[in-house]
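For reference, the chains in residue letters:
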Amino acid sequence: MANRADEAVSRFMQGYNCAQAVGSVFADDAGVPEEVILSAATGFGAGVGRTGGMCGAVSGAVITLGLLFGGTGPGENEAKDLTYDLTRKFVTRFIEKNGTVSCTELLSCDLSTGEGFARARAENLARTLCPCYVKDAVEILEEVLASTITSRQSTTR
């Protein structure tokens, strides 16, 4: 069986957007139907709806962290703080590896413009660059989750 990062890349190459590909491979962990993550992540692809904003693979990881650790109400400050902390760790590691979380900067192409989007298509950037970011996002998220579980286990002993 393929590992989770490879599965996310496979899903991306099949047509799921970057956020969907990353988030969907964690559906079981989050205890939600895969369709929920796929729907929720739809608008985050291509740097949030082709605006060139935050990389969709990063957004998919952040959505996953929220599903795993986030609270559901205004009084759940501990859950919110944990989710923010894990999100910062994830983003920091992604930036260390790739230099940025900006879709525009990662692709060296602004998807929010017609010219940039056409160039991305012509140069096949979604098939040559984005799979690496999808894979990185899943691998980094797995590292963050593993360190969180290890940390929680050591504080409960």
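Residues numbered from 1 in each chain as written. Predicted model: local features only at pLDDT ≥ 70, side-chain atom pairs only at ≥ 80, totals over all residues. Heavy atoms only, no water.

### Remarks on the state of the cysteines
No. 1: Taken as a whole and judged by the stated rule, the model has 0 disulfides.
No. 2: Between Cys18, a cysteine without a disulfide, and Cys55, which holds the nearest cysteine sulfur, the sulfur-to-sulfur distance is 5.5 Å.
No. 3: Left without a disulfide partner, Cys130 is nearest to the cysteine sulfur of Cys18, which lies 6.0 Å away.
No. 4: The exposure class of Cys130 is buried, given its relative accessible area of 15%. (Disulfide = S-S within 2.5 Å. Buried < 20%, exposed > 50% of the residue type's maximum accessible area, 1.4 Å probe, protein only.)

### What about the environment of Val58?
No. 1: Relative to the helices and strands, Val58 is located in helix α6 (residues 56-69).
No. 2: Accessibility expressed as a relative area gives 0% for Val58, which makes it buried.
No. 3: Val58 sits 43 residues away from Val101 along the chain, and the two C-alpha atoms are 7.0 Å apart.
No. 4: With sequence-adjacent residues up to four places away left out, Val58 is seen in contact with Phe90, Val91, Phe94 and Val101. (Helix = DSSP H or I, 4+ residues; strand = E, 2+ residues; numbered from the N terminus. Contact = heavy atoms within 4.5 Å.)

Just distances and angles here, no functional claims.
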